[in-house]
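Descriptive analysis of the structure
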Amino acid sequence: MKKEQFLKQNSVFSAISDMNQAVLYSKTPEELLHKACKAMLAHEDYCLIWVGTQPQGKEEIIPMAAVTSNLENKKNCLAIIEQIFLEWDAKENPAVQCLISQSPVILRTKSFKNAPNKMQEIAKNAGISSYIAFPLLWDEKNPSVLNIFSKVSTSFNQNEIDFIRNVATDISLALYSLKTAKKLRRESTLNQEIIETVKAILISTCHGGHILTFNTLAEKLTGYTRHEALNKFWIDLLIPEDDRQEILRIFTTIMKGNLNLSNFQSEILCKNNEKKIINWHGSISPVLEDSEVGFVLIGTDVTEQVKSDRELEKVRANWEKVFAAIQDPILIVDKNCKIIQANLATLTSSRKKLEEIINMGVCEALHGGGRPNGIDCPLETLIKQNKPHILDTKLKGLNGEYLLTISPVPQQENTLLIARDYSEEKVRKAEAMRAAQLASIGELAAGVAHEINNPINGIINYAQLILDEIEGSMVSSPVLKQMTKKIIQEGERIACIVKNLLSFARQKEESLEDISVIKVMEDSISLVKHQLEKNGIVMKVDIENNLPFIKGNFQQLQQVFLNLISNARYALNEKYPKWDQNKIIEVCANKILEKNDEFILIKIKDYGIGISQDIIERVIDPFFSTKPAGEGTGLGLSISHGIIKDHKGNLWLESKPDKETSAYIKLPVENN
């Protein structure tokens, strides 16, 4: 608490203490309440304080005392308050609502718009910025309400509410004491019926702490009769031995006038040795003529509530242990797809600390944040649907492939994500399948080699004879000669493809040589040019001149380029079955520099159907295909990726669904 606020509250406590001492000299509740309101006005933030009561069976609030710092309204303050709060509709009247709910009601400046015009006028002229109505629990039949108006808009925070609660309790006890004093004057003894009207444990003691009154609820809760409790030191009777020293310290502190410890919690030991937990409020009571009352304790049994809280905390602790022990990554995300909790397995797989993960977007955490601009994360889209999902996905942020379960949490706006890592299992399955299929391919390749190599060699040989004949002829035809060379070249390419098929099955190492990327690309384009023109596809080529040579295998790189161009052609034909101005394939190649190393970057881009973001990282897996059955083997990109990797390069894809796809190849330049 700030020093300034403490001083303000202390000045009020001092005034209230004086008020308590003056109870004996107050003849009516109105006189006592006037003193109380005046005492609270010592708080310099407060400008108007009044107390009203609600007669039994009535709806309106009758003002009993009112004090203001406004000189203009001092004389007729009570009349003005009565006029305003009688005109104020009960449903909007904060004082009435406070008594209905038996809890504080707070209004700020903007809330005064529903108040009567006179109230709005006073609030404006007096500079009122906030208001609180607080119940006074001293008379069950005629409940009262304490109303405080403040010039400070930030008044009535939790600390100040606790302060007002203590003051309200003291006022209630003072009113109660006044009421009791009247009976004492008439009867000379404390009327037990009055004590029983308090719906809580009520124990009063002399200044030395010996019990003078012990109400029925105290008897029922502790098991001690009033006769057994009277004249016993209350701490020795009720407090367990291990706690007595601390409670004695609190009691002594309160009796010295320090009200900061007036609210405290302790265990009590009942007659049957059962322990209960009590929330106490202790208050010093003024000496009422010949009465010996010096200390009053009001207690509420909170045993079940505390037990429930402890059980809840125990369940929470056990849940956190289980949550941390689960070997699969688990995350809890909010409605904005921000991570609010993650277990140890998540931190281990992501190689991050908990403070790095918390409040991170789920896409950034699981996908590495690598989404093209304008593309929504498919995982976040699924989470926002608030429906259960199970999907097979690759999570870069967790460094593996996972079976991801998305489970919305009932009655909350959170979602539970459980990721079961099956990267190794999937690799083993893929390798087993690949081995089986490659074995079949090997057998098929052997037959293909036998059936195709012989006739293709015949074609090549006959074409060579024709070429020799043309070159030896007196009349040479350049066109015929070029076509014959093309037949020989394509025959050799067919033979090479068969060889590559066998090589794919046997993983045979290929020799590398200096080759020109420009030449490979030109030859590849020439082979598919006719097919592209037939489909109405325009090929735009932008290749940087004088690109350096690379170490590689000509036929293998040509196979990669042909595969990527074929995929682009398929995507365009799927999107545009007929001619369209957007049926374009762009091919670019240029030299780049990364960390003083030279690379050639090749991009093949189409404006076709694109690739969904949830499968783009899987399309290079063996036997994974987006094409219908019979139109693709799922090996093209996988083989191409392997070839580029063997060339110490990288192949990756970027795509916007239904807009475009770009295939990138980065190959290192051989520095001679």
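Attention here is on the structure that accompanies the text. This one's a predicted model, so the numbers in the text were calculated from it and none came from an experiment.

1. Focus on the overall build of the protein
Along the backbone of the protein there are 21 helices and 22 strands. Each of the 672 residues in the protein was classed as buried or not, and the buried ones make up 45%. Intrachain contacts of the protein at a sequence separation of at least 6 include 57% that bridge at least 24 residues. About 36800 Å² of surface is accessible on the protein, with carbon and sulfur atoms providing 51% of the total.

2. Topic: unusual backbone geometry
Glycine aside, residues mostly have negative phi angles, and peptide bonds mostly take the trans form. With phi around 55°, Gln 102 is a residue other than glycine that occupies positive phi space. Along the chain, Gln 102 turns up in the loop between α4 (94-101) and β3 (105-108). According to the relative accessible area criterion, Gln 102 is partly exposed, its value standing at 40%. Of note in the backbone geometry, Asn 546 takes a positive phi value of approximately 60° without being a glycine. When you line up the elements, Asn 546 lands in the loop between β17 (538-543) and β18 (550-552). Owing to a relative accessible area of 74%, Asn 546 belongs among the exposed residues under this scheme.

3. So, helix α11 (residues 244-255)
Quick reminder: α-helices carry 3.6 residues per turn. Residues three or four places apart thus point the same way. An ideal rise of 1.5 Å per residue puts 16 Å on 12 residues; α11 measures up with 16 Å between its terminal C-alpha atoms. Where α11 is concerned, the buried positions are Ile 247, Ile 250, Phe 251, Thr 253 and Ile 254. For α11, the angular spread of the buried residues around the axis is 165°, confining them to a single face. Where α11 is buried, its residues contact α10 (234-238), β8 (263-269), β9 (275-284) and β10 (295-301). Looking one or two places after α11, you find Gly 257, whose phi comes out positive at around 100°.

4. A short note on the packing of aromatic side chains
On inspection of all chains with the given rule, the structure shows 8 aromatic pairs. Look at Trp 652 and Tyr 664: their rings are 5.3 Å apart centre to centre, the planes differ by 10°, and that puts the pair in the stacked class. Highlighted residues: Trp 652 in strand β21 (residues 650-656) and Tyr 664 in strand β22 (residues 660-668), separated in sequence by 12 residues. Aromatic rings pair up to connect Phe 233, Trp 234, Phe 251, Trp 280 and Phe 295 into one cluster.

5. Concerning the pairing of strand β7 (residues 211-214)
Where strand β6 (residues 201-205) and β7 come together, 3 bridges link them in antiparallel fashion. Across the sheet, Ile 203 pairs through a bridge with Phe 214, a residue of β7.

6. Here we look at helix α19 (residues 517-534)
Taking 1.5 Å of rise per residue, the 18 residues of α19 would be expected to cover 26 Å, and the 26 Å separating its terminal C-alpha atoms lies within 8% of that figure. A bend of about 45° at Val 528 is the largest found in α19. By the burial criterion, the buried members of α19 are Val 517, Val 520, Met 521, Asp 523, Ser 524, Ile 525, Val 528 and Leu 532. The opening residue of α19, the one whose side-chain oxygen lies 3.3 Å from the backbone nitrogen of Ile 518, is Ser 516.

7. Thoughts on the pairing of strand β19 (residues 584-594)
When β17 meets β19, the two strands line up parallel, connected through 6 bridges. Looking at β19, one finds that Lys 540 is bridged to Glu 586. Bridging between β19 and strand β20 (residues 597-606) involves 10 bridges; their strand directions are antiparallel. Across the sheet, residue Asn 590 finds its bridge partner in β20, namely Leu 601. If you look at the hairpin formed by β19 and β20, you'll find 2 residues sitting between the two strands, and Lys 595 has a positive phi there, around 50°.

8. Quick word on the nonpolar core
With 38 residues, the main nonpolar core has Val 560, Leu 564, Ile 585, Ile 602 and Ile 665 as its most contacted residues. Mapped onto this core, the elements with two or more residues apiece are α19, α20 (554-575), β19, β20, α21 (636-646), β21 and β22. At 9 residues, the largest contribution of residues to this core is made by α20. Once residues lying within four places of it in the same chain are set aside, the contact partners of Ile 665 are Val 560, Phe 561, Leu 564, Ile 600, Leu 601, Ile 602, Ile 644, Asn 650 and Leu 651.

Cut-off values and rules
- Residues numbered from 1 in each chain as written.
- Predicted model: local features only at pLDDT ≥ 70, side-chain atom pairs only at ≥ 80, totals over all residues.
- Heavy atoms only, no water.
- Helix = DSSP H or I, 4+ residues; strand = E, 2+ residues; numbered from the N terminus.
- Buried < 20%, exposed > 50% of the residue type's maximum accessible area, 1.4 Å probe, protein only.
- Contact = heavy atoms within 4.5 Å.
- Areas by Shrake-Rupley, 256 points an atom, 1.4 Å probe, with all protein chains shown as cover.
- Expected span 1.5 Å × (residues − 1).
- Arc of directions from axis to C-beta.
- Phe/Tyr/Trp six-rings, centres within 6.5 Å; stacked < 30°, edge-to-face > 60°.
- Pairing = 2+ DSSP bridges.
- Bend = angle between axes of the 7 residues up to and from the residue.
- Polar contact = N/O pair within 3.5 Å; in protein donor to acceptor, adjacent residues only side chain to side chain.
- Core = buried A, V, L, I, M, F, W, Y, C linked by side-chain atoms within 4.5 Å.

Read these as layout, nothing more, since geometry by itself doesn't imply function.
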